[in-house]
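Structure at a glance
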Amino acid sequence: MKIIHCADAHIDSRMESKLDKAKASIRRDEILDTFCRIGDYAEKQDARAVIIAGDLFDTKSARIGAQNRVLDSIKNHPDIIFYYLKGNHDEAEYFEKDTPDNLVIFYKDGITKYTLKTPSGKNVAITGIVPGADGFGRAYSELSLEYDDINIVVMHGEAGEYGGKNKAESIDLSKLKDRNIDYLALGHYHSFTRDDLDGRGQYCYPGCPEGRGFDEPGECGIVELDINEETSHIDINFVPFAKRTVFIEDVDISECMTTPEIDKLIEDTVRDYAITEDDILRIVLTGETDVDIEKDIEHIRRKFADSFFYFELKDKSRTAIDYDEFLHEASLKGELVRLLKEEDLSEDERGAIVRCAILALKGEEIVL
């Protein structure tokens, strides 16, 4: 039996912190499209169920059109059961008044269990746990799972050995050990993460299906569970699913002296990581550069701006100053370095001042 586990789609995020309105609108639709494709993928894989472990929507005021498309994608796959456990962003009562037969919503505080039968007649128990006033405290004491069942538990929150920082979303993994859990299907953390829960079970965050910003870089997707009915073993397979990938790549420009040399390093990075025009890219310039480097940041931004869906450049390189070299130089540069050496400044501040001074002496534009 196969089951799909997804979480944190955050449908109808505004997406306007970095993108203009046109591109933000495109990304909102793409995030919605990606979720709707999950049902299609589940059908192709002959999956029995899709588990949505919270934060399906990003806001309590999601567009009616987005709600209708999600509902339609569920209705279009009547042979697949969608188990939807609400997350901390799912504030509205979506679909509770118009619930399709194949949509199961865990919305009551506490523990709710549903059972699927494998072809051989074995039980696959899918148990959703929704936090109450005491967080998951009640669940830790009342959770009871049959030893002979294949037990999948669904929760949304920040997992740790002793819980997370936010009590309402804190999951204490130590209190879920030795409870006959085979697979703990989690949501809330936006990167794929899996590990052993105890000697029997594992826990897993699938991450978000689509990266929305630079806090969600790398491959994004869903998890496919392949359950062996005879042994009860669950194979966990991460499936990349995003339309676009978010990349954050460091480029060390320590050996560069010109803007074209920096351009070449960025081009090499794009090629090496197979970054395409459909992707979202942040380049971070690093390293220690010579004070005489010719570095036109605005040129670099313009050069690559139209090569990707979104491009961002951060300059975190530092200007290296050899004080011994300039200490006795009879020049304005030497005098400036001598003065700065006596000031209570960080190396980054000294380097920036020297670089600005050199650009000014050369008559070049200073871009901070």
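Our subject is the structure listed above.
Per chain, residues are indexed from 1 in the order of the written sequence. A pLDDT threshold of at least 70 governs which residues receive local features in this predicted model, and a stricter bar of 80 or more applies before side-chain atom pairs are shown or counted, although totals over entire chains, interfaces and linings include all residues. Water and hydrogen atoms play no part in the side-chain values, which are based on all heavy atoms of the structure.

**Comments concerning the overall build of the protein**
Every helix listed is a DSSP run of H or I at least four residues long, and every strand listed is a run of E at least two residues long, numbered separately from the N terminus. In terms of regular secondary structure, the protein is built from eight helices and 19 strands. Contacts were defined at the residue level, with two residues in contact if any of their heavy atoms lie within 4.5 Å. Expressed as a percentage of contacts within the protein between residues at least 6 apart in sequence, the contacts between residues at least 24 apart total 64%. Under the convention used here, a 1.4 Å probe and the Shrake-Rupley method define accessible areas, while residue burial counts only the protein chains that appear. When the accessible surface of the protein is split by element, carbon and sulfur atoms take 45% of a total near 18100 Å².

**With respect to the side chain of Thr 118**
Mapped onto the elements of the fold, Thr 118 is located in the loop between β5 (110-117) and β6 (123-130). Accessibility here uses a 1.4 Å probe with only protein chains present; expressed as a share of the type maximum, an area under 20% marks a residue as buried, one over 50% as exposed, and anything in between as partly exposed. Owing to a relative accessible area of 4%, Thr 118 belongs among the buried residues under this scheme.

**Quick notes on the sheet that holds β6**
In space, the six strands of this open sheet follow the order β5-β6-β7-β10-β12-β11, with mixed pairing throughout. Single-partner strands in this sheet number two, and they are β5 and β11 (193-196). Direction aside, neighbouring strands of the sheet carry axes that sit 20 degrees apart on average. Note on pairing: two strands pair once DSSP finds at least 2 bridges between them. In this sheet, β6 lies alongside β5 in antiparallel orientation, the contact comprising eight bridges. Angular values range over 0 to 180 degrees, each being the angle between N-to-C directions of two axes fitted as lines to C-alpha atoms, with helices fitted over their stretch in contact.

**Quick look at the packing of helix α1 (residues 21-44) against helix α2 (residues 64-75)**
Where α1 meets α2, the axes come as close as 9 Å, and the angle between the chain directions of the two elements is 15 degrees. With respect to α2, the axis of α1 lies roughly parallel. Of the two possible hands of crossing, α1 and α2 adopt the one that is right-handed. Residues Asp 29, Leu 32, Asp 33, Phe 35 and Cys 36 of α1 form the contact with α2, whose participating residues are Ala 66, Arg 69, Val 70 and Ser 73. Any angle that falls under 35 degrees is termed roughly parallel, while one over 145 is termed roughly antiparallel, one within 65 to 115 roughly perpendicular, and all others oblique. Left-handed describes a crossing in which the near helix is turned anticlockwise from the far one by less than a right angle; the clockwise case is right-handed.

**Remarks on the sheet that holds strand β13 (residues 221-227)**
Overall, mixed pairing links the six strands, which are arranged β4-β3-β2-β1-β13-β14 in an open sheet. In this open sheet, the two strands that pair with only one neighbour each are β4 (103-106) and β14 (234-240). Direction aside, the axes of adjacent strands within the sheet are offset by 20 degrees on average. Relative to the sheet, α1 contacts β1 (2-6), β2 (49-53), β3 (81-85), β13 and β14, its axis offset from that of β1 by approximately 170 degrees.

**Regarding the packing of aromatic side chains**
Geometry of an aromatic ring pair is reported as the spacing of the ring centres plus the angle between the planes. Aromatic rings from Phe, Tyr and Trp, with only the six-membered ring used for Trp, were paired whenever their centres fell within 6.5 Å, and each pair was classed as stacked if the ring planes differed by under 30 degrees, edge-to-face if by over 60, and tilted otherwise. Scanning the model with the defined rule gives 10 aromatic pairs in all. Ring centres of Phe 192 and Phe 238 lie 4.9 Å apart, and the angle between their planes is 35 degrees; on these two criteria the pair is classed as tilted. Taken together, the positions of Phe 192 in the loop between β10 (183-187) and β11 and Phe 238 in strand β14 put the pair 46 residues apart, joining distant regions of the chain. Since its relative accessible area comes to 32%, Phe 192 is described here as partly exposed. Overall, Phe 238 belongs to the partly exposed group, its relative accessible area being 23%. Put simply, the rings of Tyr 83, Phe 106 and Tyr 114 pair up and form one aromatic cluster. The cationic tip of Arg 37 hangs over the ring face of Phe 241; the distance from NZ or CZ to the ring centre is 4.6 Å. Geometrically, a lysine NZ or arginine CZ counts as sitting over a ring once it is within 6 Å of the ring centre and also within 35 degrees of the ring normal. Positioned over the ring face of Tyr 147 is Arg 200, at 5.3 Å from the centre of the ring.

**Points about the pairing of β14**
As judged from the seven bridges shared by β13 and β14, these two strands associate in the antiparallel manner. In the strand pairing of β14, Val 223 is matched with Phe 238. Linkage of β13 to β14, two consecutive antiparallel strands, is achieved through a turn of six residues, within which Ser 232 is found at a positive phi near 70 degrees.

**Overview of the pairing of β6**
Among the eight residues of β6, seven are classified as buried, and the element is accordingly described as predominantly covered. Between the end of β5 and the start of β6, which pair antiparallel, lie five residues, with Gly 121 showing a positive phi angle near 95 degrees. Bridge count for β6 against strand β7 (residues 150-156) is five bridges, and the pairing is parallel. Residue pairing for β7: Ala 125 is matched across the bridge by Asn 151. With strands facing away from the observer, any crossover in which the path from the first strand over the helix to the second runs clockwise is taken as right-handed. Handedness of the β-α-β unit built from β6, helix α3 (residues 137-142) and β7 comes out right-handed.

**Observations concerning the pattern of salt bridges**
The rule for a salt bridge is simple: a side-chain nitrogen of Lys or Arg has to be within 4 Å of a carboxyl oxygen of Asp or Glu. Under the defined criterion, the tally for this structure stands at 23 salt bridges. Here Asp 58 and Arg 212 are joined by a salt bridge, their closest N and O atoms 3.5 Å apart. One end of the pair, Asp 58, is in the loop between β2 and α2; the other, Arg 212, is in the loop between β12 (202-205) and β13, with 154 residues separating them in the sequence. With a relative accessible area of 22%, Arg 212 lands in the partly exposed category. Residues Lys 295 and Asp 315 are paired through a salt bridge, measuring 2.8 Å at the closest nitrogen-oxygen approach. Here Asp 315 lies in strand β18 (residues 310-315) and Lys 295 lies in the loop between β17 (288-289) and α5 (297-305), a separation of 20 residues in the sequence. Take Lys 295: its relative accessible area is 13%, and that puts it in the buried class. For Asp 315, a relative accessible area of 33% puts it in the partly exposed group.

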